[in-house]
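A structural walkthrough
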Amino acid sequence: MAYTTDTRSAGLGQRISDFRASLADRVAKNKTYRSTFNELQALSDRDLADLGISRSMIKRIAIEASETK
């Protein structure tokens, strides 16, 4: 019995398309991170305390927000 293996890689057009999609995804995640970080950073300590957030948590919260997008 003979077996064949298809070892062709994706064409150039597909690789470019994948790269553009990946880049667009990274840009969207970065935008979400920056906006979340900046909005939380702009809040006063009292406002953050009302939300149950400390200043040291802002970066982690922004990262989590960007990863869920």
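The structure presented is a predicted model; accordingly, all values stated were derived computationally and were not measured. One numbering rule holds for all chains: residues counted from 1, following each sequence as written. The predicted origin of the model limits local features to residues at a pLDDT of at least 70 and limits the giving and counting of side-chain atom pairs to 80 or more, whereas totals for whole chains, interfaces and linings rest on all residues. Hydrogens and water are ignored here; the side-chain numbers use all heavy atoms of the structure.

Another point: the packing of helix α1 (residues 12-42) against helix α3 (residues 58-67). In this analysis, axes come from line fits to C-alpha atoms, helices being fitted only over the stretch in contact, and the angle between any two N-to-C directions falls in the range 0 to 180 degrees. Numbering of helices and strands runs from the N terminus; a helix is a DSSP stretch of H or I covering at least four residues, while a strand is a stretch of E covering at least two. Running from amino to carboxyl end, α1 crosses α3 at an angle of 145°, the nearest separation of the two axes being 8 Å. Like other packed secondary-structure pairs, α1 and α3 cross with a definite hand, here right-handed. Of the residues in α3, those touching α1 at Lys 29, Thr 32, Tyr 33, Thr 36, Phe 37, Leu 40 and Gln 41 are Ile 58, Lys 59, Ile 61, Ala 62, Ile 63, Ala 65 and Ser 66. Throughout, the ten residues Ala, Val, Leu, Ile, Met, Phe, Trp, Tyr, Cys and Pro are labelled nonpolar, Asp, Glu, Lys and Arg are labelled charged, and all others, Gly among them, are labelled polar. The residue makeup of the contact of α1 with α3, split by class, is 8 nonpolar, 4 polar and 2 charged. Each helix crossing is assigned a hand: it is left-handed if the near helix lies turned anticlockwise from the far helix by less than a right angle, otherwise right-handed if that turn is clockwise. Residues count as neighbours in contact if any of their non-hydrogen atoms are within 4.5 Å of one another.

The salt bridge definition used is simple: a Lys or Arg side-chain nitrogen within 4 Å of an Asp or Glu carboxyl oxygen. In this structure the tally under the stated criterion is 3 salt bridges. A salt bridge links Asp 45 to Arg 55, with the shortest nitrogen-to-oxygen separation between them at 2.7 Å. With a gap of 10 residues between them, Asp 45 in helix α2 (residues 45-51) and Arg 55 in the loop between α2 and α3 connect regions that are remote in the sequence. Any residue under 20% of the maximum accessible area for its type is buried, any over 50% is exposed, and the rest in between are partly exposed; the area is computed with a 1.4 Å probe on protein chains only. Among the residues examined, Arg 55 registers a relative accessible area of 34% and is labelled partly exposed. Across the salt bridge formed by Arg 60 and Glu 64, the nearest N and O atoms sit 3.1 Å from each other. In this pair, Arg 60 and Glu 64 both sit in helix α3, 4 residues apart, roughly one turn of the helix. Its relative accessible area of 42% is what places Arg 60 among the partly exposed residues. On the accessibility criterion, Glu 64 (39% relative accessible area) is partly exposed.

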